[in-house]
Amino acid sequence: MLPDGLWRIARIGIVSLVLVAAAAGLVLGDVWLWAAAEWKPPYYADFYGDAGFDTATTVALLVAAVVKAAFLWLILRAPMPGPLDRRAKALRRLLYVAVADAIVLWWPIALLPDEVDAVFQLVLWTAIHVLYLLVIRWRSRVLRVATGALFAVVLADTADEVLDEFGLPEVVPEIVPNDFPLFALCAVAATLLTVVGQWRDGRWSRGTLVAGWSSMGVTVLALPLYLYVADSISGTLVTSIVMDALGLVSVVWHAATARELPTGERLADHRPGVHRAIRVAVAALVVLPVIATIQPEQNAHLTYTSWSMDCYEHRDFGDLKPAEREAAFLCQARSRHGGVPPMFPDSLSDQAVLAYGRALCRARGREEQEAILTEAGSARAGWGADPRELVYVCPEIVGTTHPELLRSARETEAAYDAYVAEENAKCRDPWPRKKGVVQATAKYFLFADGDPGYLVHDPGDEAFEEAAELAMDRVYDDSGGIGVADSAALVGHVADVTDLCLTVKAFRSAPPRRTAKWDQVTEVPLVSRSGRLTVPEKDGGEVGAGAPMPNLAIAGKGRYRLRVHVRVDRAGEEHHLVVVFPGTSKKRLKLKS
C-alpha cells in the first residue's frame, strides 16, 4: 500500500487530470469532451459527435465532469488500516474489483465476447453478496435472511442474462409484465437492507451510510427519469449523461464499504421498540415488491403477446390438458406466425380476448363474427373466425361440425395415414401382366392451387435444382406435357385434378410398346449421374407419392429412356404409367398423341 502522502498526491493528480481533460474537450471538439466527461474512448461518441452537441448537452457534460471528479476524489481514498479476517479481506478485494470494473475495467472486458462479461458479472456479484451475508454483523436473523432472499432474486436475473448470452432457456418465469421493474425493485430493497445491516454493525461511518442511501435513491430515480423525463431534457442523451454521473454514487458506496472494513467496535444494542420497527420495515421491503406485481383485474394481463416465441410451438387440441387450452387460444389469437396479422391486438387483456373468443363461437353466421372482430379492433375483421383457433376456447361447439379438430397429434397422424392408405388402395396397376424389376403403384398428391405435375429425377445429381427449374420451364412449351432437362423430367397432368394414380416400373430392356386404352404415350431421354432415378414421396407433406417409390435406375449410372402413358377415365380420374429402361437414344418420340 502507498504511504498516505503519495496516495494523496496520486488522488490529486488523477482528479486534476480529469478536470483538465474536460476543459480541453471544449477546445478539441465534442468527441473529446464526451470522452473526457464520460470516461469512454472517443469512438463511443461517433454517433453523437458527427452532428455536434447542442448547448444543453455541452453543459451537461461539463457539469458531469465536475461531479464525477468529486466522486472520484471520494473513491480514491486510502483504505483504513486495521486487522481484517480472511472473509473481510476477500470482500474488500472483490469490492475494489467491482469499483475498478465500473470505472476502467469495463472497457477491456467489452472487447471480449459478451458471454465473458456476463459470466464475470455473475461470479463477481455472487461472491460479493455471499460475503456481505457473512461479514456484516446483521445482529438479526430475519434481516439477514430477507437480504439473502433479495440477493438471490437479483442474482437470478443476472443468471438469466448469462443463459441468454449462451442461447439457453431462462430459469426465471415471466410472472410479471415485461415492462414491470421487479428486479429493479428487489435491487433497491436489497441495497436498503444492506445499509441497515451496515448501520447495525457499527463499523461504517455516516458518510458511507449516506452513500448507500443515495445509491438506493439513484436506482429509484432511474426508471421514471428514463420513462417520463427523458423527452423534456433535450432528449435521451442528456438523460444518459445525468444518470451516468449519478451512477457513480453506488461506486462511492462500494469503495467506502471496502475502505472501512477493518474490525471496530459495534454499536450498543438497540431498544426492543427499534427492533420491532426494523422487523416491520424488513417485512414490508420483502412483501411490497411481490404485492406490486399484482395488477388490478381490469388491467390488461397478457399471457402472450404477438411477439411471444412460445406461440410458434403449435400443439393439437387433444394433447392439451383442460387448463392449458385457454392459454393455447390466447397464443393463437395473438400470433403473427407466417406474417398473418393477429386476431386480437395486444391492447386487449386476456380476459377480454377469451370473452370475444366465446362470443365468436356463439355467433350466428359470418356477418356476426365480423361485427365482433370489428368491435374488438381486430386486423382480421373481414376474415371471420377460424374454427382451428376457436376449438381451444369452445370445443363443445366447434367439435360438432369439425370433430377432426378435437384429435391429438397421434390421432391426427393415424387418421392421415389411414386416408393416404385408402387413397392408395383406389389405384391399380394398369399393366399387371408385365412385371418390372422394381415397381410401385400409389396415389400422387398435387398442390390444390395448380401444381404442374411430378418429377422423375436423379436426387443425387449436384445440378438437380437447376435441371428441375429448366424442366419446369419446358413443360409448358411441350405438346405432350413433359419437360425434360438432363437428369430431371417434369410430367404434367392433362385433367384439372389435385391427385392422380401413378404406377412406375423399371425394366432391363425396352418393353413392348403399349398404346391401347391410353390417351397419349410419350418417350423421352433421361440421365442418372448418381445411379438413382425416382419420384418424390409425400412423406408427411402435402405433395408427393403416397407410398415408397423405388430406384428406377436399375442399371446404375448412365442414360435411360422414360416412357410415359397418360389417360383420363370416365369419372375424370387421371392415371399415369411410367416405364424406365436403359437406352442411349436422345430422341423424343410421340408414340400416341
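Here's a quick rundown of the structure. None of the values given here were measured: they were computed from a predicted structure.

Definitions and limits used
Residues numbered from 1 in each chain as written. Predicted model: local features only at pLDDT ≥ 70, side-chain atom pairs only at ≥ 80, totals over all residues. Heavy atoms only, no water. Helix = DSSP H or I, 4+ residues; strand = E, 2+ residues; numbered from the N terminus. Contact = heavy atoms within 4.5 Å. Buried < 20%, exposed > 50% of the residue type's maximum accessible area, 1.4 Å probe, protein only. Pairing = 2+ DSSP bridges. Core = buried A, V, L, I, M, F, W, Y, C linked by side-chain atoms within 4.5 Å. Axes fitted to C-alpha atoms, helices over the stretch in contact; angles between N-to-C directions. Parallel < 35°, antiparallel > 145°, perpendicular 65-115°, else oblique. Nonpolar A, V, L, I, M, F, W, Y, C, P; charged D, E, K, R; others polar. Expected span 1.5 Å × (residues − 1). Bend = angle between axes of the 7 residues up to and from the residue. Polar contact = N/O pair within 3.5 Å; in protein donor to acceptor, adjacent residues only side chain to side chain. Salt bridge = Lys/Arg side-chain N within 4 Å of Asp/Glu carboxyl O. Patch = residues over 30% accessible without salt bridge, like charges linked within 9 Å, V, L, I, M, F, W, Y side chains within 5 Å. Areas by Shrake-Rupley, 256 points an atom, 1.4 Å probe, with all protein chains shown as cover. Lys, Arg positive; Asp, Glu negative; His and termini not counted. Charge placed at Lys NZ, Arg CZ, Asp CG, Glu CD. Phe/Tyr/Trp six-rings, centres within 6.5 Å; stacked < 30°, edge-to-face > 60°. Lys NZ or Arg CZ within 6 Å of the ring centre and 35° of its normal.

Section: the overall build of the protein chain
1) Next: Scanning the protein chain from N- to C-terminus turns up 19 helices and 10 strands.
2) Next: Considering only residue pairs separated by 6 or more positions, the protein chain has 73% of its internal contacts joining residues 24 or more positions apart.

A closer look at the pairing of strand E5 (residues 499-506)
1) Next: Burial within E5 is extensive, with eight of its eight residues counted as buried.
2) Next: Here E5 shows a buried face lined by Asp499, Cys501, Thr503 and Lys505 and a second buried face lined by Leu500, Leu502, Val504 and Ala506.
3) Next: Alignment of strand E1 (residues 438-445) against E5, held across eight bridges, turns out to be antiparallel. Paired with Lys443 across the bridge in E5 is Cys501.
4) Next: Direction of pairing for E5 relative to strand E9 (residues 574-582): parallel, over a ladder of six bridges. Along E9, the bridge assignment pairs Val504 with Val578.

With respect to the nonpolar core
1) Next: Core analysis: the largest hydrophobic core is formed by 31 residues, its most contacted members being Tyr444, Tyr454, Leu502, Val504, Val535, Leu562 and Val578.
2) Next: Contributing elements (two or more residues each) for this core: E1, strand E2 (453-457), strand E3 (482-485), strand E4 (488-492), E5, strand E6 (520-528), strand E8 (558-568) and E9.
3) Next: Beyond its immediate chain neighbours, meaning those up to four positions away, Val535 contacts Tyr444, Tyr454, Leu455, Val456, Leu502, Val504 and Met549.
4) Next: Formed by 29 residues, the second largest nonpolar core is a distinct cluster that contains Leu91, Ala146, Leu150 and Leu192.

Comments concerning the packing of helix H13 (residues 322-334) against helix H14 (residues 350-362)
1) Next: Closest axis-to-axis distance for the H13/H14 pair is 10 Å, and the angle between their directions is 90 degrees. Viewed along their axes, H13 and H14 adopt a mutual orientation that is roughly perpendicular. Note on element contacts: H14 touches H13 through Asp350, Val353, Leu354, Gly357 and Arg358, opposite Glu326, Phe329, Leu330, Ala333 and Arg334.
2) Next: The residue inventory of the contact of H13 with H14, partitioned by class, reads five nonpolar, one polar and four charged.

Describing the sheet that holds E6
Pairing between the strands of a sheet comes from backbone hydrogen bonds, and it takes one of two forms, parallel or antiparallel.
1) Next: With mixed pairing, seven strands are arranged side by side in an open sheet as E7-E1-E5-E9-E8-E6-E10. One side of each edge strand has no neighbouring strand; the edge strands of this open sheet are strand E7 (544-545) and strand E10 (589-592).

A few points about helix H5 (residues 86-110)
1) Next: Compared with the 36 Å implied by 1.5 Å per residue over 25 residues, the 31 Å span of H5 between its first and last C-alpha is markedly short.
2) Next: Considering bend angle alone, the principal kink of H5 is centred on Val104 and spans about 70 degrees; proline Pro108 follows within four residues of it.
3) Next: Among all positions of H5, only Ala88, Leu91, Arg92, Leu95, Ala98, Val99, Asp101, Ile103 and Ile109 are buried.
4) Next: In this structure, the buried residues of H5 make contact with helix H4 (55-75), helix H6 (114-135) and helix H11 (248-259).
5) Next: With a side-chain oxygen lying 3.3 Å from the backbone nitrogen of Arg87, the N-terminal cap of H5 falls on Asp85.

Brief notes about the sheet that holds E4
1) Next: Spatially, the three strands line up as an open sheet ordered E2-E4-E3, and their pairing is antiparallel. Taken across any chain shown, the strands that pair with only one partner, and hence form the sheet edges, are E2 and E3. Averaged over all adjacent pairs, the angle separating strand axes in this sheet is 15 degrees, with direction ignored.
2) Next: Where E2 meets E4, five bridges bridge the pair, whose relative direction is antiparallel. Pairing of Gly453 across the sheet is with Gly492, part of E4.
3) Next: Contacting E2, E3 and E4, helix H19 (residues 464-475) crosses the sheet at an angle of about 145 degrees to E3.

Details of the pattern of salt bridges
1) Next: Inspection of the entire model under this criterion finds 19 salt bridges.
2) Next: For Glu389, the salt bridge is made with Arg380, and the minimal N-O distance between the two is 3.5 Å. Both residues of the pair, Glu389 and Arg380, count as buried.
3) Next: Arg563 serves as the salt-bridge partner of Glu523, at 2.9 Å between the closest nitrogen and oxygen. Here the residue Glu523 occupies a position in strand E6, and Arg563 occupies one in strand E8, the gap between them amounting to 40 residues. Accessibility assignment for this pair places Glu523 and Arg563 in one class, buried.
4) Next: Taken together, the salt bridges that share partners define one network made up of Glu423, Lys426, Lys443 and Asp499.

As for a negative patch on the surface
1) Next: A cluster of like negative charges, contributed by Glu465, Glu466, Glu469, Asp473 and Asp477, occupies part of the molecular surface.
2) Next: Here Asp477 shows up in the loop between H19 and E3.

Some words on the packing of aromatic side chains
1) Next: The full count for this structure, using the stated rule, is six aromatic pairs.
2) Next: Here Tyr132 and Phe151 contribute two aromatic rings whose centre-to-centre distance is 6.3 Å and whose plane-to-plane angle is 25 degrees, an arrangement assigned as stacked. Of this pair, Tyr132 sits in helix H6 while Phe151 is found in helix H7 (residues 141-165), placing the two residues 19 residues apart along the sequence. The two residues Tyr132 and Phe151 agree in class, both being buried.
3) Next: The ring of Phe445 has Lys538 lying over it, and the distance from NZ or CZ to the ring centre is 4.6 Å.
4) Next: Against the face of Trp518 rests Arg567, its NZ or CZ located 4.3 Å from the ring centre.

As far as function goes, none of this settles anything; it's purely spatial.
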